[in-house]
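Listed below, chain by chain, are the residues.
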Amino acid sequence: FDGALPGHDADAILVKYSPSGEKIWIKNYGLDKTGDNYIYYTALDTAGRLITAGMNLSDENEADNFLIVSCIDTLNGQIIWEAKVPGIYTPASMKLFPDRIEILEGASIDNAPYHAITQADYNGQILQHFYKPYLDFSVEFNQISATGDILIGNRSFGYNVTRLNPEGDTIWRYRYPDALNTSRNWVRCLTEDDSMFIYATGAVDLPGLLTEMVTSKFSPEGNLIWQNTYHSTSDSLQETGMFLVADEKVVYAGGSTTLENHDIVGIIKVYDKQNGDDIFNILVSASNLFTIEHMIVRGNKIYYTGIGYETIGSEQSVYTGCIQLPVIISTTQPSFLTSKANVYPNPTIDQIVIENIDSQLFKEVSISDLNGRPVFSSAVSDTSINISLAALPAGSYVLTLQGSGIAVSKRFMKLATD
């Protein structure tokens, strides 16, 4: 975190805590006594040392602007070595490889956007450093691939994903077609799975639909495998993706959506990893302005962090929570849920059954058509509900379990009777 000491501007601070929260050591990691110091990324190497990537930024002396890579002794917090690269470089990602430390940076050179790549060995020697122009404004949302390639998502004026080799040359580039040329197009997060498929989420400004949440999957070669564009029933509302996680079966994309009463609530979309189909829509609300900023997935539990405001633009609060989903055992069969909230049959002819409902969490069940018009609602009073669909025409519907600050939806199909 950043602190300020007498005679210093903002200084980067490193703290080591025990598992029980006891402070073991604290170090003022002032990279230089002039200017502002920041540590952006840390990671443990195979020897248990802490590798850090940061920068020093000074308005007074150009020589006090530099990127810094350092190695810290985790026993006492002392610096083992540090290496500096002159210039204003903001670390945007760091990855440790067996033979090198690789860092991606954003840079502004002569008032133009650039990206830079720095590689160092584990003795503090800079192996290479270079910068090249980047035409899409920002390199804040990105990853370093397992191959050492750079995966870049831009911040505005285009939902773009770019793959660069370790020398900074473009291998492939995807740009969302037919989007409006506004600042509301962006990739806010991207990640790579163990098979090196790439997943991205963000927003696209589309004609007649305003800003819509878009999540995409790409092959390592840059081929678009699937793309899911989410928008609510009203074309005047807007959504955006902020963070995503991919596990073995599904992709979790978190962000925010605007409701018809103009409240902004957090949303978590759960997609089939193979084909991008919707599995769950989860709305999380804590105030009248709320967005999911970060998620960690462990099994069928989603731990999330979000930012909310009691009134728009003031009284900002940080919210954390955990959502336990039904266990997903398959994403290729129509009836793929077991254990909690098992919904069947799907497709169905005359009824839908919901079993193993967490009645402490969910208080209402409802069904709506794909245009959002409600066709059924009932209070949840038991762990099992049998709903007759005899009065409904054949078609696709959305079943929603609603609780305090949470809603989980599942699409099902009613078939026509003979």
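A quick note: this is a predicted structure, and the numbers were derived from the prediction, not measured.

**Some thoughts on the confidence of the model for the protein**
Averaged over the protein, the pLDDT score is 83; the fraction of residues at 70 or greater is 85%. Low pLDDT, under 50, characterises residues 328-339; the stretch is placed with 32 contacts to residues that sit more than four places away or in other chains.

**Brief notes about the sheet that holds strand 10 (residues 112-120)**
Across the sheet, which stays open at both edges, the four strands sit in the order 8-9-10-11 with antiparallel pairing between neighbours. Each of the sheet's edge strands pairs with one partner strand only, and the pair in question is strand 8 (89-97) and strand 11 (126-133). Strand-to-strand twist across the sheet, computed as the mean angle between neighbouring axes with direction ignored, equals 15 degrees. Both strand 10 and strand 11 contribute to a ladder of seven bridges, which runs antiparallel. Its bridge partner being in strand 11, T118 is matched across the sheet by H129.

**What about unusual backbone geometry?**
Cis peptide bonds are those with omega within 30 degrees of zero, and the linkage from Y344 to P345 qualifies with -15 degrees. With an omega of 5 degrees, the peptide bond running from N346 to P347 counts as cis. With respect to the helices and strands, P347 occurs in the loop between strand 29 (342-344) and strand 30 (351-355). A positive phi is found at D178, a non-glycine position, where the angle reads about 65 degrees. Relative to the helices and strands, D178 is located in the loop between strand 15 (170-175) and strand 16 (186-192). The class of D178 is exposed, set by a relative accessible area of 70%. Of note, M196 is a non-glycine position whose phi angle comes to about 65 degrees, a positive value. Within the secondary structure, M196 sits in the loop between strand 16 and strand 17 (198-206).

**Considering the side chain of K269**
As for its placement among the helices and strands, K269 is situated in strand 22 (residues 264-272). For K269, a relative accessible area of 0% puts it in the buried group. Separated by 3.3 Å, the side chains of K269 and D278 make a polar contact. Leaving out residues up to four positions away in the same chain, K269 has contacts with M213, Y230, V251, Y252, A253, D278, F280 and N281.

**Things to note about the pattern of salt bridges**
Here the structure, examined in full by the defined rule, presents nine salt bridges. Put simply, R100 and D99 hold a salt bridge, and the shortest N to O gap is 3.2 Å. Put simply, D99, R100 and E102 are held in one network by salt bridges that share partners.

**Examining the environment of A394**
Structurally, the position occupied by A394 is in the loop between strand 33 (385-388) and strand 34 (395-403). Measuring from C-alpha to C-alpha, the distance between A394 and I349 comes to 8.2 Å, with 45 residues separating the pair along the chain. Those residues within four positions of A394 in sequence are excluded, and the remaining contacts are K414, L415 and A416.

**So, the sheet that holds strand 19 (residues 224-230)**
Picture the strands of a sheet paired through backbone hydrogen bonds; they go either parallel or antiparallel. Taking strand neighbours across the sheet as the criterion, the four strands line up as 16-17-18-19 in an open arrangement whose pairing is antiparallel. If you trace the sheet from one side to the other, it starts and ends with strand 16 and strand 19, each paired once. Strand-to-strand, the axes of this sheet are offset by a mean angle of 20 degrees, without reference to chain direction. Both strand 18 (residues 210-218) and strand 19 contribute to a ladder of six bridges, which runs antiparallel. Each bridged residue has a counterpart across the sheet, and for F218 the counterpart in strand 19 is L224.

**What to know about a nonpolar patch on the surface**
A grouping of I349, M413 and L415 is seen on the molecular surface, where their side chains present a nonpolar patch of about 250 Å² in accessible area. Considering the arrangement of structural elements, one finds L415 in the segment after strand 35 (406-414).

**Observations regarding the nonpolar core**
By size, the foremost hydrophobic cluster in this structure holds 45 residues, and its most contacted members are Y252, V270, I282, M295, I387 and L399. Residue contacts for M295: discarding those within four places in its chain leaves F243, L244, V245, Y252, A253, G254, I268, I302, Y303 and Y304. Core analysis: the next-biggest nonpolar cluster, separate from the first, contains 15 residues, A200, L206, L209 and F218 among them.

**Some remarks on the pairing of strand 15**
Looking at chain direction, strand 14 (residues 160-164) and strand 15 are connected through five bridges and run antiparallel. Within strand 15, the position partnered with R163 by the bridge is W172. Connecting the antiparallel pair strand 14 and strand 15 is a turn made up of five residues, with G168 showing a positive phi of about 90 degrees.

**Concerning the packing of aromatic side chains**
Under the definition given, this model contains eight aromatic pairs. Where Y38 meets Y40, the ring centres are 6.1 Å apart and the plane angle is 55 degrees; that geometry is what we call tilted. Centre to centre, the rings of W172 and F218 are 5.9 Å apart; their planes meet at 35 degrees, and the pair counts as tilted. Of this pair, W172 sits in strand 15 while F218 sits in strand 18, and the two are 46 residues apart along the sequence. The burial state of W172 is the same as that of F218; both residues are buried. By way of ring pairs, the aromatic residues Y89, Y114 and Y131 are connected into one cluster. Over the ring of F97 we find R100, and its NZ or CZ is 4.1 Å from the ring centre.

**Notes on the environment of A416**
Inspection of the secondary structure assignment puts A416 in the segment after strand 35. With 24 residues separating them in the primary sequence, A416 and L392 have C-alpha atoms 9.8 Å apart.

What counts and what doesn't
- Residues numbered from 1 in each chain as written.
- Predicted model: local features only at pLDDT ≥ 70, side-chain atom pairs only at ≥ 80, totals over all residues.
- Heavy atoms only, no water.
- pLDDT = per-residue confidence, 0-100.
- Contact = heavy atoms within 4.5 Å.
- Pairing = 2+ DSSP bridges.
- Helix = DSSP H or I, 4+ residues; strand = E, 2+ residues; numbered from the N terminus.
- Axes fitted to C-alpha atoms, helices over the stretch in contact; angles between N-to-C directions.
- Buried < 20%, exposed > 50% of the residue type's maximum accessible area, 1.4 Å probe, protein only.
- Polar contact = N/O pair within 3.5 Å; in protein donor to acceptor, adjacent residues only side chain to side chain.
- Salt bridge = Lys/Arg side-chain N within 4 Å of Asp/Glu carboxyl O.
- Patch = residues over 30% accessible without salt bridge, like charges linked within 9 Å, V, L, I, M, F, W, Y side chains within 5 Å.
- Areas by Shrake-Rupley, 256 points an atom, 1.4 Å probe, with all protein chains shown as cover.
- Core = buried A, V, L, I, M, F, W, Y, C linked by side-chain atoms within 4.5 Å.
- Phe/Tyr/Trp six-rings, centres within 6.5 Å; stacked < 30°, edge-to-face > 60°.
- Lys NZ or Arg CZ within 6 Å of the ring centre and 35° of its normal.

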